[in-house]
Amino acid sequence: MLLLWASAAFSGEPARLVYSSATDFTKISVTLKKADNPDPAPVEVSVTLSPAAKARTRAITLLAYQQYLTLYVDGYRLNTAKVHSQLGGEFIFSAPRALVNQWMVQFSDEANGS
């Protein structure tokens, strides 16, 4: 699987980091509103990665150093940016409210045993 990521990183296409919130994130924190932007369309999300996701992220960002990488979470394409350093086990990104709303339903159902 890592070879697939590596070949994408060197093909001229951005490398891809693909996460599933259910398995790859051990902690998700969201900031819905800030004083300097009281109603932002995107939501600031801080995540902590599972050990497997952390290892995958470190490997992919090392291979994609100084190249472009696209971040996907639960099927949403969130961002493409140039990799300036290796990512670790925690980071922050912007997500659409629709994704955060999806998480609220998903994780509420899980907490209720549905």
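Further up the page is the structure itself.
Let me sum up the structure you'll find in this document. For clarity, every value in this text was computed on a predicted model and none was experimentally measured.

So, about the environment of Ile-28. Its location among the elements puts Ile-28 in strand β2 (residues 25-31). The spacing of Ile-28 and Val-100 is 72 residues in sequence and 10.0 Å in space, taken between C-alpha atoms. Not counting residues within four places of it along the chain, the set of residues in contact with Ile-28 comprises Ser-21, Val-45, Ser-46, Val-47, Trp-103 and Phe-107.

Right, let's talk about the sheet that holds strand β5 (residues 76-82) for a bit. What the 3 strands build is an open sheet, ordered β1-β4-β5; its pairing is mixed. Looking at which strands have only one partner, the edges of the open sheet turn out to be β1 (15-19) and β5. With strand direction ignored, the average angle separating the axes of adjacent strands in the sheet is 20°. Pairing between β1 and strand β4 (residues 68-73): 5 bridges, direction parallel.

Right, let's talk about the sheet that holds β2 for a bit. Taken in spatial order, the 3 strands of this open sheet run β2-β3-β6, and their pairing is antiparallel. Each having just a single partner strand, β2 and β6 (90-96) make up the two edges of the open sheet. The average undirected angle you get between the axes of adjacent strands in this sheet is 30°. Where β2 meets strand β3 (residues 42-49), 6 bridges bridge the pair, whose relative direction is antiparallel. Bridge pairing in β3 links Thr-31 to Glu-44.

The rules we used
Residues numbered from 1 in each chain as written. Predicted model: local features only at pLDDT ≥ 70, side-chain atom pairs only at ≥ 80, totals over all residues. Heavy atoms only, no water. Helix = DSSP H or I, 4+ residues; strand = E, 2+ residues; numbered from the N terminus. Contact = heavy atoms within 4.5 Å. Pairing = 2+ DSSP bridges. Axes fitted to C-alpha atoms, helices over the stretch in contact; angles between N-to-C directions.

From the geometry alone we can't say anything about function, so treat these as descriptive.
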